[in-house]
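What follows is each chain in one-letter form.
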Amino acid sequence: MNTPKKNKPTLLVTGANGLLGQKLVNRLLEKDSFHVIATGRGACRLPQTWEGFTYASMDITDKENVLEVFQRYSPEVVIHGAAMTNVDECETAQEACYQQNVAAVGNIIVAAEQYHSFLVHVSTDFIFDGEAGPYTEDAVPNPVNYYGETKLQAEALIQQSSLNWGIARTVLVYGISHDMSRSNIVLWVKKSLEEGKDLQLVDDQLRTPTLAEDLAEGCILMAEQRAKGVFNISGDELLTPYDMAIQTAEFFKLDKTKINKTDSSAFRQTAKRPMKTGFVVQKAKDQLNFKPKSFTEGIEILAKQLNLAN
Ligand SMILES: NC(=O)c1ccc[n+]([C@@H]2O[C@H](COP(=O)([O-])OP(=O)(O)OC[C@H]3O[C@@H](n4cnc5c(N)ncnc54)[C@H](OP(=O)(O)O)[C@@H]3O)[C@@H](O)[C@H]2O)c1
């Protein structure tokens, strides 16, 4: 186990095995401005070649476990990225979703209050109904599915707490990580076209897709500056899933004639999706110096990582 250096504040990441969690740990180690405590469910699934951080197993739904880990490390800052993130699963397994996305945030709040940690909490565009996107930070939430409902309840718990807090809201995150458990739009489109499949993508929903590295950087900027309040941390290009698929096919020189347009009324998913979300990210640009990549730049970065991984 690493001994925390006295001159660096301690930052604890939850959900470190996930896509955002891995990007956070990687970037924090590069920046070297914090002593990093990476926590996740069960064993560490971060690359074995990474050095300079401490891993602790922490199930956020287990209050005693959370308090014990906070007691061990007294983190000055916490970035809470762990959540149940599969939107359709959240709709069907609502109790599990509530435990991970709401009750667990209660556990993090109690521990952070006890150790006076600054909390950066990660939230979502799915707290909105998609009737009036792109949204600014002060827009009125109205979730249309259970995942969005729980993420909104978690925001409310944080805002009502006595903590110093920042909320980073994000949109449709894409990227690659080590030992990925979940795919995302760029990887799915690339793989499906390589396998010669025909794809159906909606062209009546709008999002501002977010490179996982950009989300990590935005959260770290908030952590470094102890930035209080809500910040939209996403890409700043409004695209439909159909547009994203076409750009992905063009970048990887795959057959884009296999990509077909559909609309939300024809494309049934378990949980309802908000139609037009996406974020205005001017506040984060002005106050945090946040600089999101374009979607093409993002795919380019991801492609380089894929080449390195192969
Ligand atoms: N991905 C998106 O498009 C998107 C969009 C908007 C907002 N967000 C938000 O961004 C954050 C990060 O998402 P992501 O894309 O990195 O998702 P992810 O890859 O699914 O990562 C989530 C992580 O949370 C962990 N986790 C879940 N329950 C836990 C528990 N009880 N104890 C400890 N860890 C637990 C998961 O652990 P396991 O690996 O063991 O399952 C996983 O590693 C989430 O708060 C999500 O709501 C994501």
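Residues numbered from 1 in each chain as written. Predicted model: local features only at pLDDT ≥ 70, side-chain atom pairs only at ≥ 80, totals over all residues. Heavy atoms only, no water.

- Within an unreviewed UniProt entry, the label attached to the chain reads dTDP-4-dehydrorhamnose reductase, and the organism entered is Echinicola vietnamensis.
- Database annotation for the chain, UniProt heading Sequence similarities (unreviewed entry): "Belongs to the dTDP-4-dehydrorhamnose reductase family."
- Regarding the chain, the UniProt comment filed under Pathway (unreviewed entry) reads as follows: "Carbohydrate biosynthesis; dTDP-L-rhamnose biosynthesis." (UniProt positions renumbered as here; feature names shortened; annotations may be inferred.)

### Comments concerning the overall build of the chain
(1) Moving on: A count of helices and strands for the chain gives ten helices and eleven strands.
(2) Moving on: The C-alpha atoms of the chain give a radius of gyration of 19 Å, which matches the 19 Å a tight globule of 310 residues would have.
(3) Moving on: For the C-alpha atoms alone, the extent of the chain along its principal axes is close to 55 × 40 × 40 Å.
(4) Moving on: Here the chain holds 310 residues, and 52% of them are scored as buried. (Helix = DSSP H or I, 4+ residues; strand = E, 2+ residues; numbered from the N terminus. Rg over C-alpha atoms; globule rule 2.2 N^0.38 Å. Buried < 20%, exposed > 50% of the residue type's maximum accessible area, 1.4 Å probe, protein only.)

### Some thoughts on helix α7 (residues 212-225)
(1) Moving on: Under the 1.5 Å per step criterion, the end-to-end length of α7 is 20 Å for 14 residues, consistent within 8% with the ideal 20 Å.
(2) Moving on: Among the 14 residues of α7, ten are classified as buried, and the element is accordingly described as predominantly covered.
(3) Moving on: Among all positions of α7, only Ala212, Asp214, Leu215, Ala216, Gly218, Cys219, Ile220, Leu221, Met222 and Ala223 are buried.
(4) Moving on: Looking one or two places after α7, you find Arg226, whose phi comes out positive at around 45°. (Expected span 1.5 Å × (residues − 1).)

### Regarding the site of the ligand
(1) Moving on: For the ligand, the set of nearby residues contains 25 residues, the closest of which are Arg41, Arg45, Thr85, Gln100 and Tyr147.
(2) Moving on: Here an oxygen atom of the ligand and a side-chain polar atom of Thr85 are 2.7 Å apart.
(3) Moving on: Protein coverage of the free-state accessible area of the ligand, which is 890 Å², stands at 89%.
(4) Moving on: Looking at the shell around the ligand, the elements that each hand over two or more residues are α1 (19-31), β5 (118-124) and α5 (146-160).
(5) Moving on: Here the element with the most residues in the shell around the ligand is β5; it accounts for three residues.
(6) Moving on: Here the residues of the shell around the ligand are counted per class, giving ten nonpolar, ten polar and five charged. (Near = heavy atom within 4 Å. Polar contact = N/O pair within 3.5 Å; in protein donor to acceptor, adjacent residues only side chain to side chain. Areas by Shrake-Rupley, 256 points an atom, 1.4 Å probe, with all protein chains shown as cover. Nonpolar A, V, L, I, M, F, W, Y, C, P; charged D, E, K, R; others polar.)

### Quick word on the side chain of Asn65
(1) Moving on: Relative to the helices and strands, Asn65 resides in helix α2 (residues 63-73).
(2) Moving on: Residue Asn65 is classed as buried on the basis of its relative accessible area, which comes to 17%.
(3) Moving on: Setting aside residues up to four positions removed in sequence, Asn65 forms contacts with Ser57, Met58 and Asp59. (Contact = heavy atoms within 4.5 Å.)

### Observations concerning the packing of α2 against helix α4 (residues 94-114)
Helix-helix packing is characterised by the crossing angle of the two axes and by the distance between the axes.
(1) Moving on: Remark: α2 packs on α4, axes separated minimally by 9 Å, with the N-to-C direction vectors making an angle of 30°. When the axis of α2 is compared with that of α4, the two are roughly parallel. In this structure, α2 meets α4 at a crossing whose hand is right-handed. Contact with α2, carried on its side by Lys63, Val66, Leu67 and Phe70, involves Asn107, Ile108, Val110, Ala111, Ala112 and Gln114 of α4 and no other residues of that element.
(2) Moving on: Grouping the constituent residues of the contact of α2 with α4 by class yields seven nonpolar, two polar and one charged. (Axes fitted to C-alpha atoms, helices over the stretch in contact; angles between N-to-C directions. Parallel < 35°, antiparallel > 145°, perpendicular 65-115°, else oblique. Left-handed = near helix turned anticlockwise from the far one by under 90°.)

### Details of the sheet that holds strand β2 (residues 35-40)
(1) Moving on: The sheet built from seven strands is open, its strands ordered β3-β2-β1-β4-β5-β6-β10 with parallel pairing. Here the strands that pair on one side only, and so sit at the sheet edges, are β3 (53-57) and β10 (229-232). Across this sheet, the average inter-strand angle for adjacent strands is 20°, counted without regard to direction.
(2) Moving on: Of the pairings in the sheet, the one linking β5 to strand β6 (residues 165-170) comprises six bridges and is parallel in character. Each residue of the ladder has a partner; that of His121, found in β6, is Ile167. (Pairing = 2+ DSSP bridges.)

### A word on the packing of α1 against α7
(1) Moving on: In contact at an axis separation of 9 Å, α1 and α7 are set at 60° when each is read in the N-to-C sense. When the interaxial angle is binned, α1 and α7 end up oblique. Crossing of α1 over α7 shows right-handed handedness. Touching Leu19, Leu20, Lys23, Leu24, Arg27, Leu28 and Lys31 of α1 are Ala212, Glu213, Leu215, Ala216, Glu217, Cys219, Ile220, Leu221 and Glu224, all from α7.

### Concerning the state of the cysteines
(1) Moving on: Scanning all chains against the criterion turns up zero disulfides.
(2) Moving on: Cys219 takes part in no disulfide bond, and the closest cysteine sulfur, belonging to Cys90, lies 19 Å away. (Disulfide = S-S within 2.5 Å.)

### Some words on the pairing of strand β1 (residues 10-14)
(1) Moving on: In terms of burial, β1 is a largely internal element, five of the five residues being buried.
(2) Moving on: Residues Thr10, Leu12 and Thr14 of β1 are buried on one face, and the alternating residues Leu11 and Val13, pointing to the opposite face, are buried as well.
(3) Moving on: Sheet topology note: the β1/β2 ladder contains four bridges and is parallel. Counted as the bridge partner of Thr10 is His35 from β2.
(4) Moving on: As paired strands, β1 and strand β4 (residues 77-80) are joined by four bridges and run parallel to one another.

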